Protein chains: 2
Amino acid sequence: MGSTENVKLLGFWPSPFVMRVKIALSLKSINYEFIEEPFGPKSELLLKSNPVHKKIPVFFHGDDKIIAESLVIVNYIDETWAFGAQILPSDTYDRAIARFWAAYLDDKWYPSLQGVVFGPEEGKKAGLEAVSEGLSLLEDAFKKISKGNKFFGGEKIGYLDIALGSYLGWLKVTEKLANAKLLDEEKTPGLFKWTGDFVAEDDVKEFMPETEKLVGFAQMIIELFKN
Amino acid sequence: MGSTENVKLLGFWPSPFVMRVKIALSLKSINYEFIEEPFGPKSELLLKSNPVHKKIPVFFHGDDKIIAESLVIVNYIDETWAFGAQILPSDTYDRAIARFWAAYLDDKWYPSLQGVVFGPEEGKKAGLEAVSEGLSLLEDAFKKISKGNKFFGGEKIGYLDIALGSYLGWLKVTEKLANAKLLDEEKTPGLFKWTGDFVAEDDVKEFMPETEKLVGFAQMIIELFKN
C-alpha cells in the first residue's frame, strides 16, 4: 500500500487525459495538489518531468516517483491504493477487454474526433463517419460488457468508463462545431443513457468541463493556427 | 488461476507482436496451438475474432475468451497464470515505468522504424534520426531501470524486455536495408549488451526470426506496393 503523502498532478483544465487522473484520485479519496500547467510555452516542470512526450498529465508521488501517460497513471493509482473504489475489473479477462477498448479509444477513436475539430476541412466528413462508426462499436461493446448494469464497470464506474467518459466534453464540442448529432438516443441508446449516468456521478461531475467553455477554448486554438 | 486448457494463438511469423505473446507463453510454460494466419486476404477466423482492428495476434483461451492487442494479451497472460516467470514487475511504480516505455515503443518508436523500411524515400532520413534518438532515450532508461542487472526486468526478462526485444528482428532489417548502424557498442553500450543477452534466452531464441528471412519478407512487401 503506497503512502498518500505528497501527491501532485500537473495538468491543464481542457485535457481529457488530466480528467481521467482526477476521477481516479477522487474514487480513491486521495488528497493531492493540482498544479495548473500554464497555457503557452511549456513549463520547466513539464519539460523536466516528462522529457519524452512533454505532455500533461504528469503525476508525482512521494519524493521521486514521476509518471506520465493517463492510462498508465490510472493503472498505477488503482494498483498502489487498494482502498476505495476498484477501478480495473478484478477478473483478468474483463480487465483485458477494458484495456483493449481503452487502447482503441486513444489510438483510433479520439484522433478521429480531434481531426474533426482541428484537422483540415477536407478530412472532416470522413472523420465524422469514423467517429460515428466508433460509437456504434462502443455501443455493442457496452451491451456486452455492462451486462445490463449502468456502467461498463458494473454498478460503479470503472476503467473503461473513465477512459471514454473523459472524452465526453470534447464529443459535445465536436457535435457543436461540426453541427452533427453523434451520440443520440436512437443510434446509440445504451451509450446515451450511460452518458447521463456517468456525468451524474459524484466523482465525475465536478471535473466535467462546461461545454461552452470548452467550445471557446477550441475556437481560440483554431484561430491561433489559422494564419 | 485460469485453466491452461484450450489455448490458441493466431499469428504470422514476421510479426513482432505475435512474438511477444509466444515469449510470454513460453515464460509461463503454457502449451498452445499456433494457428498461422495465411499471407494474403485476411482469414475468416481473423475477421471474426478481431473485427475492430483485423490484426494479429489474436489470443484464444477456453471456449469463449478472445483477446487482441499484444500488450493486452501479455498483461492477461501474466495476470491469469501466476506460476512461472513473473512478467510485469511486482512494484507498482516499476510496473508504471515499464508500461510507459512499452507504450512509447508502440506509439512512437516502432512507427518511425516502419517508416524507414516501408515509408516514402523523402521521410527516411528523418525516420532514421527519430529511431536513433529513441534508442538514446531507451539507453538512458535501460541504465535507470535495470540498475546494473542484465535486463530491464532484472536478472530475468520481463515486460519491457519483451516489448522492445520483439522489435530486434525488424531493427536489424532496418539497419540492413537503410545501410545504417543503429544499435552499436559505442552509442548504446547498455542496449548493445542487452541485445546479446536477450536473444540468448531460452524463452526467446526459438522465436527470433532469422534476419535474412525477414529481409526477404520486407523486400517482397516493398515490391508488392511499388507499382
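Given the structure is predicted, the values throughout are model-derived calculations rather than measurements.

A. Spotlight on the packing of helix 7 (residues 168-177) of chain B against helix 10 (residues 211-224) of chain B. Residues and elements named next belong to chain B. Interaxial distance between helix 7 and helix 10 falls to 9 Å at its minimum, and their mutual angle equals 65°. Overall, the two elements helix 7 and helix 10 adopt an arrangement that is roughly perpendicular. Handedness of the crossing formed by helix 7 with helix 10: right-handed. In this structure, helix 7 contributes Gly169, Trp170, Lys172, Val173, Lys176 and Leu177 to the contact, and helix 10 contributes Thr211, Glu212, Leu214, Val215, Phe217, Ala218, Gln219 and Ile222. Residues that form the contact of helix 7 with helix 10 fall into these classes: 8 nonpolar, 3 polar and 3 charged.

B. Spatial organisation of the domain arrangement of chain A. Residues and elements named next belong to chain A. The domains assigned to chain A are domain 1 (7-80) and domain 2 (92-223). Of note, the centres of domain 1 and domain 2, computed from C-alpha atoms alone, are 21 Å apart. Each partner contributes to the interface: domain 1 provides 17 residues, whereas domain 2 provides 23 residues. For the pair domain 1 and domain 2, the summed buried surface comes to about 1900 Å²; carbon and sulfur atoms form 72% of the total. When residues of domain 1 are sorted by the area they lose upon contact with domain 2, Trp13, Met19 and Arg20 head the list and together hold 32% of the total. Summed over the shared surface of domain 1 and domain 2, the number is 1 salt bridge. One salt bridge in this structure joins arginine 20 and aspartate 106, with 2.7 Å as the shortest N-O distance. Seen at the junction of domain 1 and domain 2, the total is 8 residue pairs in polar contact (both at pLDDT 80 or more). For the side of domain 1 that touches domain 2, the elements supplying multiple residues, two or more each, are helix 1 (16-27) and helix 3 (70-80). If one sorts the elements of the side of domain 1 that touches domain 2 by residue count, helix 1 sits on top with 8 residues. Looking at side-chain class alone, the side of domain 1 that touches domain 2 contains 12 nonpolar, 2 polar and 3 charged residues.

C. Geometry of the relation of the copies chain B and chain A. With an RMSD of 0.0 Å, the fit of chain B onto chain A corresponds to turning through 180° and sliding 0.0 Å along the axis. Both chain copies can therefore be described as sitting about a two-fold axis. Every residue of chain B has its C-alpha some distance from the rotation axis, and the shortest such distance is that of aspartate 107 of chain B, at 4.2 Å. A share of 100% of interface residues in chain B that are also interface residues in chain A marks the association as one of identical surfaces.

D. Expanded view of the UniProt feature "domain: GST N-terminal" (unreviewed entry) in chain A. Within the UniProt annotation, "domain: GST N-terminal" (unreviewed entry) is assigned to residues 5-85 of chain A. The span residues 5-85 of chain A is 36% helix and 21% strand, and its two end C-alpha atoms sit 19 Å from each other.

E. Up close: the sheet that holds strand 1 (residues 7-11) of chain B. Residues and elements named next belong to chain B. Spatially, 2-1-3-4 is the arrangement adopted by the 4 strands of the open sheet, whose pairing is mixed. One side of each edge strand has no neighbouring strand; the edge strands of this open sheet are strand 2 (33-36) and strand 4 (65-68). The mean inter-strand angle of the sheet, taken between neighbouring strand axes irrespective of direction, is 20°. Pairing of strand 1 with strand 3 (residues 58-61) involves 4 bridges; the strand directions are antiparallel. Residue valine 7 lies in a different strand from strand 3, and its bridge partner there is histidine 61. Sitting on the sheet, helix 3 (residues 70-80) touches strand 3 and strand 4, and the angle it makes with strand 4 is about 135°.

F. A look at the interface of chain B and chain A. Each side of the interface is counted separately: chain B has 28 residues, and chain A has 28 residues. Here chain B meets chain A over a buried area of about 2300 Å², counting both sides, of which 66% is carbon and sulfur. Taken together, the links from chain B to chain A amount to 4 salt bridges. Residue arginine 95 of chain B pairs with glutamate 79 of chain A through a salt bridge whose shortest N-O separation is 3.0 Å.

G. Quick peek at the environment of valine 21 of chain A. Residue and element names in this part refer to chain A. As for its placement among the helices and strands, valine 21 is situated in helix 1. With a relative accessible area of 0%, valine 21 lands in the buried category. In this structure the C-alpha to C-alpha distance between valine 21 and isoleucine 77, which are 56 residues apart in sequence, comes to 8.4 Å. Apart from the residues lying within four places of it in its own chain, the contact partners of valine 21 are Leu9, Pro57, Phe59, Ile73 and Ile77.

H. Layout of the packing of helix 4 (residues 92-118) of chain A against helix 3 of chain B. Helix 3 of chain B packs onto helix 4 of chain A with a crossing angle of 165° between their chain directions and a minimal axis gap of 9 Å. By the criterion of interaxial angle, the relationship of helix 4 of chain A to helix 3 of chain B is roughly antiparallel. For the crossing formed where helix 4 of chain A meets helix 3 of chain B, the hand is right-handed. Residues Thr92, Tyr93, Arg95, Ala96, Arg99 and Phe100 of chain A of helix 4 of chain A form the contact with helix 3 of chain B, whose own contacting residues are Val72, Asn75, Tyr76, Glu79 and Thr80 of chain B. When its residues are assigned to classes, the contact of helix 4 of chain A with helix 3 of chain B shows 5 nonpolar, 3 polar and 3 charged.

I. Examining unusual backbone geometry more closely. Look at the link from isoleucine 56 of chain A to proline 57 of chain A: it is a cis peptide, with omega at 0°. Mapped onto the secondary structure, proline 57 of chain A falls in the loop between helix 2 (44-49) and strand 3 (58-61). We note that asparagine 6 of chain B has phi near 60°; this positive angle belongs to a residue other than glycine. Within the element layout of this structure, asparagine 6 of chain B appears in the segment before strand 1.

Definitions and limits used
Residues numbered from 1 in each chain as written. Chains lettered and ligands numbered in written order. Predicted model: local features only at pLDDT ≥ 70, side-chain atom pairs only at ≥ 80, totals over all residues. Heavy atoms only, no water. Axes fitted to C-alpha atoms, helices over the stretch in contact; angles between N-to-C directions. Helix = DSSP H or I, 4+ residues; strand = E, 2+ residues; numbered from the N terminus. Parallel < 35°, antiparallel > 145°, perpendicular 65-115°, else oblique. Left-handed = near helix turned anticlockwise from the far one by under 90°. Contact = heavy atoms within 4.5 Å. Nonpolar A, V, L, I, M, F, W, Y, C, P; charged D, E, K, R; others polar. Domains from an automatic or database assignment. Buried area = accessible area lost by both parts, 1.4 Å probe. Salt bridge = Lys/Arg side-chain N within 4 Å of Asp/Glu carboxyl O. Polar contact = N/O pair within 3.5 Å; in protein donor to acceptor, adjacent residues only side chain to side chain. Least-squares fit on C-alpha atoms with pLDDT ≥ 70 in both. UniProt positions renumbered as here; feature names shortened; annotations may be inferred. Pairing = 2+ DSSP bridges. Buried < 20%, exposed > 50% of the residue type's maximum accessible area, 1.4 Å probe, protein only.

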